[in-house]
Amino acid sequence: CHFSLTQHFHLHTHPRAGGWSPLSSDSFQWLEVDLGGRTKITAVATQGRYGSSDWLTAYLLMFSDTGHNWKQYRQEDSIGAFPGNSNADSVVQHTLQQPVVARYLRLIPLDWNPNGRIGLRLETYGCPYISDVMSFDGDSSLVYRLSPRPRQMARETISLKFKTLRNSGILLHAEGQSEHSLTLELVKGKLCFTLLIFLYISLSADFPASLCPLQRLVSLGSLLDDQHWHHVAVERHSSHLNLTVDRSTQWVQLPAKLTHWDLQQLSVGAGRGHSSQRPVVSNRNFHGCLENLLYNGLTLIDLAKQKDQRVTVGSVTFSCAEPVSIAMTFTSPKSFLWLPGATEPSSAGVSVGLQFRTWNKAGLLLTFELPKQGGVVWLYLSKSRLHLHIHRAGRALLELTTGSALNDGQWHSVELYSRRGRLTISVDGDEGATAHASPSFPVPMGSHLFFGGCLAEDSGQECSNPFNVFQGCMRLLTLDNQPVDLIMVQQRLLGNYSDLQIDMCGIIDRCSPSRCEHGSSCSQSWSTFHCNCSSSGYSGATCHSSIYEQSCEAYRHKGNTSGYYYIDVDGSGPIRPQMIYCNMTEAKTWMVIQHNNTELTRVRSSQGKNQHSVHFEYTSEEEQLVGIISQSEHCEQELVYHCRRSQGSPLSWWVGGPGAGRVQTYWGGAPPGSQQCACGLQENCIDPKHYCNCDADHTEWANDSGLLTHKETLPVRSVVLGDVQRPGSEGAYRVGPLRCYGDKNFWNAAFFDKETSYLHFPTFHGELSADISFLFKTTSSSGVFLENLGIKDFIRIELSSSTEVLFSFDVGNGPLEVRVEASIPLNDNRWHRVHAERNVKEASLRLDDLPAATQEAPADGHIHLQLNSQLFIGGTASRQKGFRGCIRSLQLNGLTLDLEERAKITPGVRPGCPGHCSSYGSLCQNHGRCVERPKGFSCDCSLSAYTGAFCNREVSGSFKSGTSVSYTFKEPYELNRNSSTLPSSIYSDMTLRAENISLSFRTSQSPALLLYISSYYREYLAVLVNSEDKLEVRYKLDSSREAEVLRSRVRSLANGQLHTVTISRLADTVSVQVTHKHPKISAVSGSLQTAPFGYGIETMVSDFSLPLLSCSLCLDSGDLDPELARPASLGFTGCLSSVHFNSVSPLKAALLHPDSSPVIITGPLAQSSCGSSTSANPYAAETTHHLSGKRGKAVFVCWVY
């Protein structure tokens, strides 16, 4: 279908017929071609005017069936403009990606050679179009009865084309056996598909099945009431339907029990009752034309013409009667229409009517001046409502408001009329809303009426518009009940206008199909659309990028602690984020997914039941489960089975794995397929003849329990226990939560050691939305991270300088660049995160925690990114500007590229990348030390008073009367004799010139001794709360002198709240800082007049959060100075937490390592969370872990009270 159709202005014509060139070269010209009948147009070609400098450089194509109601042809990506010629002789041909069926073709010049005029030779290509057409007027109908019913088919299809000016009406209604029905109906310009199915459903085994209706509702398309042809198809496959409207297709799942339709009757143009043999006549019936109505390839309109007995028609005509409706489009902020009004003021009043459709919430519809009052009338939209405003001399004379939601893209009628002192504005006639007023002044029609906007201010016309201009369509304008001939306006015979498209409505629904992703809602204005991402879990202009991390591992490395987090395993992919518990208390970070029964459940014998079956429902959806298991390094699930009088296999099994799962006959601790339990592998089953304890039919309780660790068989879906019908047979089972650790994607990395090295992957497909994220570290100042090329399009991310990352791409509108510049060097060999996103609205680039940089996409430009080369990582196809360094966790649209596997087989690239502590070492807190791992890092807390994955979990103890803890350092001579066998924490210069001490406490007691450190020379340091509730630090560094005392200025330290004390001494300078729960700091400092403090060493710490360490149990108060003897004799009740003395943590050693540390514990010591700042009541937070009377191997003592 590619024949020349044009009869005039052929290409390559004789010089005397040089082509078309209008008298005036301006934007009001067009060339219209009548093809003589409806024709399928496949291509157009243009050439300049022969022997001249006249040619077009850009143009638009319009088409129409009637010569009115034109529609603009839009190419892929909704591009309207066609590129033209660059000279008068060459031919430029454009094949239409979607052929057009029309009789009339109109070419509108947009731009031409600036050194010439509009000039054109035109050729159109295509072939004649033949179709069967039928008109419906609301009373019309066509009924097709399938008698006899054809055999069942695996695929059935209904297709048709329609055109209408009404936004509602039933196109087709089909009925089948068992009252099944299918309806296609226009509702507000959208095609609604309704599938009503009646199935027998039983709610339980105790009730018989009943007939229940199931309904599927789908809407597709928009603005289908534009009096242009639209294609509709419904295809039934075995398990689903495909519903197509024009170029959009939606998939609809069918119930499993509905294997075929069994359609008996099709009603076209009207609905039918279930028992009626006639179409139902109602205002929902269709008004318009249908074309090529096909059922399984059978042309029903042709059957109607032939008066086939299976077809019944009523009030139809076999042609398309098309009403003429002239619309105009206000396309820009400069658009307006001026019409002359009344030449002489009339006391009869004013009457103006119009219809409009728009997406904008605001815009001027009409304005005119009041001749006698010197005022002005504005009829406008604001907040999607209709407003009338009459204004004079700076004040409002009258205001009226009516209607709502008038920016829905539907046609709305508006009437403004004034008669006999009554002013009325109405919207949508009887079905809409009306507002009235009785002004004290007449409101006649002015001599100049402006619609949509005003002329420029310097035009001399008396028109002002304090509101937004109108952007949308208008039609059916009336003045004094007389229609306005817009064709005369177009021909410049009536009024004036600017930036109007007359005889067409160019409204576009930018939300159909919606570019908003992940279930977000779409709203729009005339020129753009907006996505509401709230509650979606995604962000960005199209709600494409997830706001959540993809694993607990990722949350942990942002410094988070254990808790519930939203996990989005595939990032910007289709799987929804889910709330999952992250356990970060261990070196490994566990994701914990619960199910509906994790308790130990007992099963007793029951008559009539041979087995007990239980199914587990998980808190995460199936896709989420599969994603978590797939990306985790290790997953496990505990399966506990206790039994008595059980014969086990093969009567019992469990089901596990993705989807519905598969039957598994191995049990915890054994490999898949082994049909064994852990005892069988270890050869210690209670009966050597069996491989499981629960196969032995023992009268005593036995168990087969263990961990299931093979990811391919997880999670456990159900458990079936057989052999429960015999007397005395019992069992109990427990299936723990699914637990997984390790994120294979998070640490997946490759090291590029040459600028010419790279990895290559298949072409990246991100036509409409593309997000790319990764981490990098380097010592180089530039290099390309990623590049993918197309014929013209490309996408690239690079380090353009030592402080700048550049994201660039081209989708056909010319290269676009987004840059982010950092204030610090990026080639510091530390990890930096990059996230780039490109969608139909904008491009964005984010670097680390810097603000994102964005660039908006052209409003009506190309939107598809079309790539065809390989994807290059770490380099380019030209092997220039390659990247040297590490790239990690590279994800494209939520999918992780396996850099490590590809690097194993690529020269110049090494899998993995060491050196994480430079970036993540700061996560190790409180003197924790970062330790490198092959994948990641860990924190060594041995020199910290804290514990936990990041050394950030406080270690607290609550003390009761009589409790004491002592930590002993070795004597100097013992260190010399046995130094190689002692931990490094107790080696140090026994003569200390400095110390750093920190601890936290809670107590309600004063005075209270908190910390006492002494030497063999009766030198000491003591920390206490004195009788005035103040902190007091006593230093005695010379036994021949009195102790020196530092006191804080803050009182009320014995108030039961958490306080932290930090003491730092360097030679004779001491600083003491007290931090309160509500951040309030008290600091004191001073100088000591003594020599260095020589240690033997004996250290004492008094814990103050709950119980008190009684001095009488740990130290003779007679050995103390009188000022310390009384607090020591009183003992201490309270909580101590995170006690740290230089590199020693005596309380941590006592609580966590009492058997391997040089500690002595006297009395009950309970580990507690009382040292946590979030613990409001430390006594209620006490744990049940008690250490009493345990003694470490020590000689010298450090006391903890």
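Quick notes on the rules
Residues numbered from 1 in each chain as written. Predicted model: local features only at pLDDT ≥ 70, side-chain atom pairs only at ≥ 80, totals over all residues. Heavy atoms only, no water. UniProt positions renumbered as here; feature names shortened; annotations may be inferred. Helix = DSSP H or I, 4+ residues; strand = E, 2+ residues; numbered from the N terminus. Buried < 20%, exposed > 50% of the residue type's maximum accessible area, 1.4 Å probe, protein only. Contact = heavy atoms within 4.5 Å. Areas by Shrake-Rupley, 256 points an atom, 1.4 Å probe, with all protein chains shown as cover. Pairing = 2+ DSSP bridges. Axes fitted to C-alpha atoms, helices over the stretch in contact; angles between N-to-C directions. Phe/Tyr/Trp six-rings, centres within 6.5 Å; stacked < 30°, edge-to-face > 60°. Lys NZ or Arg CZ within 6 Å of the ring centre and 35° of its normal. Polar contact = N/O pair within 3.5 Å; in protein donor to acceptor, adjacent residues only side chain to side chain. Salt bridge = Lys/Arg side-chain N within 4 Å of Asp/Glu carboxyl O. Disulfide = S-S within 2.5 Å. Core = buried A, V, L, I, M, F, W, Y, C linked by side-chain atoms within 4.5 Å. Patch = residues over 30% accessible without salt bridge, like charges linked within 9 Å, V, L, I, M, F, W, Y side chains within 5 Å.

The protein goes by Contactin associated protein like 3 in an unreviewed UniProt entry, where it is assigned to Myripristis murdjan. In UniProt, the protein has this text filed under Sequence similarities (unreviewed entry): "Belongs to the neurexin family." Listed under Subcellular location (unreviewed entry) in UniProt, the entry text for the protein is "Membrane".

A.B. asks: Would you mind showing me how to read the overall build of the protein here?
C.D. replies: A tally of helices and strands in the protein yields 11 helices and 89 strands. Counting across all 1201 residues of the protein, residues that qualify as buried make up 54%. Within the protein, contacts between residues at least 6 apart in sequence are counted, and of these 69% link residues at least 24 apart. Accessible surface, the protein: about 53200 Å² in total, of which carbon and sulfur atoms supply 49%.

A.B. asks: What is the right way to look at the sheet that holds strand β60 (residues 794-801) in this model?
C.D. replies: The strands making up a sheet associate through backbone hydrogen bonding, with each pair oriented either parallel or antiparallel. Taken together, the 6 strands give an open sheet; going across it, the order is β57-β66-β59-β60-β61-β62, and neighbouring strands pair in antiparallel fashion. Single-partner strands in this sheet number two, and they are β57 (759-761) and β62 (816-821). The mean angle between the axes of side-by-side strands here comes to 15°, regardless of whether they run parallel or antiparallel. When strand β59 (residues 783-789) meets β60, the two strands line up antiparallel, connected through 6 bridges. Residue pairing across strands places Leu789 opposite Phe794, the latter belonging to β60.

A.B. asks: I tried to follow the UniProt feature "domain: EGF-like" (unreviewed entry) in the protein on my own but got confused; where do I start?
C.D. replies: Taking the UniProt record as the reference, the feature "domain: EGF-like" (unreviewed entry) is found at residues 507-544 and 914-952. The distance from the first to the last C-alpha atom of residues 507-544 is 26 Å, and the span holds 0% helix and 26% strand. Helix makes up 10% of residues 914-952 and strand 26%. Its end C-alpha atoms lie 24 Å apart.

A.B. asks: Before we go on, may I ask you to explain the environment of Ile1160 in this structure?
C.D. replies: Summarising the element assignment, Ile1160 is placed in strand β86 (residues 1159-1162). On the basis of relative accessibility, which here comes to 12%, the residue Ile1160 falls in the buried class.

A.B. asks: What's the story with the packing of aromatic side chains in this structure? I'm lost.
C.D. replies: The description of two aromatic rings rests on the distance between their centres and on the angle between their planes. In total, this model carries 29 aromatic pairs according to the counting rule given. A centroid spacing of 5.4 Å and a plane angle of 40° characterise the contact between Phe807 and Phe809, whose relative ring orientation is tilted. When its relative accessible area of 1% is taken as the criterion, Phe807 is described as buried. Among the aromatic residues, ring-to-ring pairing joins Phe746, Trp747, Tyr920, Phe937 and Phe950 into one connected group. For the cation-ring pair, Arg492 lies above Phe28, with the distance from its terminal atom to the ring centre recorded as 3.8 Å. Positioned above the aromatic ring of Trp590, the side-chain terminus of Arg739 is 3.8 Å from the ring centre.

A.B. asks: Honestly, the side chain of His412 in this entry has me stumped. Any pointers?
C.D. replies: When you line up the elements, His412 lands in strand β31 (residues 412-419). Under the relative-accessibility criterion, His412 is labelled buried at 7%. A polar contact of 2.8 Å, which involves the side chain of His412, links it to the side chain of Asp428. Residues contacting His412, with those up to four places away along its chain left out, are Leu354, Gln355, Phe356, Ala405, Leu406 and Asp428.

A.B. asks: Teacher, can you tell me more about the pattern of salt bridges here?
C.D. replies: Pairs can form between side chains of opposite charge once their charged atoms are near each other. Evaluated as defined, the whole model comprises 34 salt bridges. Taking the shortest distance from any N to any O, the salt bridge between Glu798 and Lys881 comes out at 3.1 Å. In this pair, Glu798 sits in strand β60 while Lys881 sits in the loop between β66 (871-873) and β67 (885-892), placing the two residues 83 residues apart along the sequence. Looking at Glu798, the relative accessible area reads 7%, which means it is buried. Taking the shortest distance from any N to any O, the salt bridge between Glu804 and Arg819 comes out at 2.8 Å. In this pair, Glu804 sits in strand β61 (residues 804-810) while Arg819 sits in strand β62, placing the two residues 15 residues apart along the sequence.

A.B. asks: Explain the state of the cysteines here, please?
C.D. replies: Cysteine pairs can be covalently joined through their sulfur atoms, and such a bond is termed a disulfide. Applying the stated criterion to the full structure yields 16 disulfides. One disulfide in the model links Cys454 with Cys463; its S-S distance is 1.8 Å. As the torsion about the S-S bond is roughly -60°, the Cys454-Cys463 disulfide counts as left-handed. In terms of burial, Cys454 and Cys463 fall into one category: buried. Two residues, Cys552 and Cys582, share a disulfide whose sulfurs are 2.0 Å apart. The sign of the -75° torsion about the S-S bond sets the Cys552-Cys582 disulfide as left-handed. In this pair, Cys552 is assigned in helix α3 (residues 552-556) and Cys582 in strand β44 (residues 578-583), connecting sequence segments 30 residues apart. The exposure class assigned to Cys582 is buried, which follows from its relative accessible area of 0%.

A.B. asks: Looking at this structure, how should I read the sheet that holds strand β50 (residues 662-664)?
C.D. replies: The sheet built from 4 strands is open, its strands ordered β47-β53-β49-β50 with antiparallel pairing. In this open sheet, the two edge strands, each paired with only one partner strand, are β47 (611-615) and β50. The mean angle between the axes of side-by-side strands here comes to 20°, regardless of whether they run parallel or antiparallel. Looking at chain direction, strand β49 (residues 653-656) and strand β53 (residues 716-722) are connected through 4 bridges and run antiparallel. Paired with Gly656 across the strands is Val716, a residue of β53.

A.B. asks: Would you mind showing me how to read the nonpolar core here?
C.D. replies: The nonpolar side chains of soluble globular proteins are, as a tendency, buried together. By size, the foremost hydrophobic cluster in this structure holds 45 residues, and its most contacted members are Leu337, Phe451 and Met474. If we ignore the near neighbours within four places in the chain, the residues touching Phe451 are Phe330, Phe336, Leu337, Leu339, Val352, Leu354, Leu365, Leu366, Met474, Leu477 and Leu479.

A.B. asks: What exactly am I supposed to notice about a nonpolar patch on the surface here?
C.D. replies: The grouping of Tyr564, Tyr566 and Met579 at the surface amounts to a nonpolar patch, some 330 Å² of accessible area in total. Residue position: Met579 is located in strand β44.

A.B. asks: Please clarify how helix α10 (residues 1122-1130) should be interpreted in this entry.
C.D. replies: Since there are 3.6 residues in each turn of an α-helix, residues three or four apart along the chain are aligned in direction. Among the residues of α10, Leu1124, Ala1125, Pro1127 and Ala1128 are the ones counted as buried. The positive-phi residue at the C-terminal boundary of α10 is Gly1131, with phi of around 75°.

A.B. asks: Can you help me understand the side chain of Arg510 in this one?
C.D. replies: Tracing the backbone shows Arg510 in the loop between β38 (500-502) and β39 (521-524). Taking the relative accessible area as the measure of exposure, Arg510 reaches 17% and is therefore buried. Within the local environment of Arg510, its side chain forms a polar contact with the backbone oxygen of Trp526, the two atoms lying 3.3 Å apart. Each residue touching Arg510, except ones within four places of it in the same chain, is listed here: Cys522, Gln524, Ser525, Trp526, Ser527, Thr528, Phe529, Ala859 and Asp860.

A.B. asks: Mind showing me how you'd approach unusual backbone geometry here?
C.D. replies: The phi torsion of most residues other than glycine is negative, and most of the peptide bonds are trans. Of note, the amide linkage connecting Ser512 to Pro513 takes the cis form, showing an omega dihedral of -5°. The amide bond that connects Ser1006 to the next residue, Pro1007, takes the cis arrangement and shows omega of -5°. Mapping Pro1007 onto the fold places it in the loop between β75 (994-1003) and β76 (1008-1014). A positive phi is found at His518, a non-glycine position, where the angle reads about 60°. In this structure, His518 sits in the loop between β38 and β39. Positioned with a positive phi, Cys543 is a non-glycine residue whose angle comes to about 55°. Topologically, Cys543 is positioned in the loop between β41 (538-539) and β42 (545-546).

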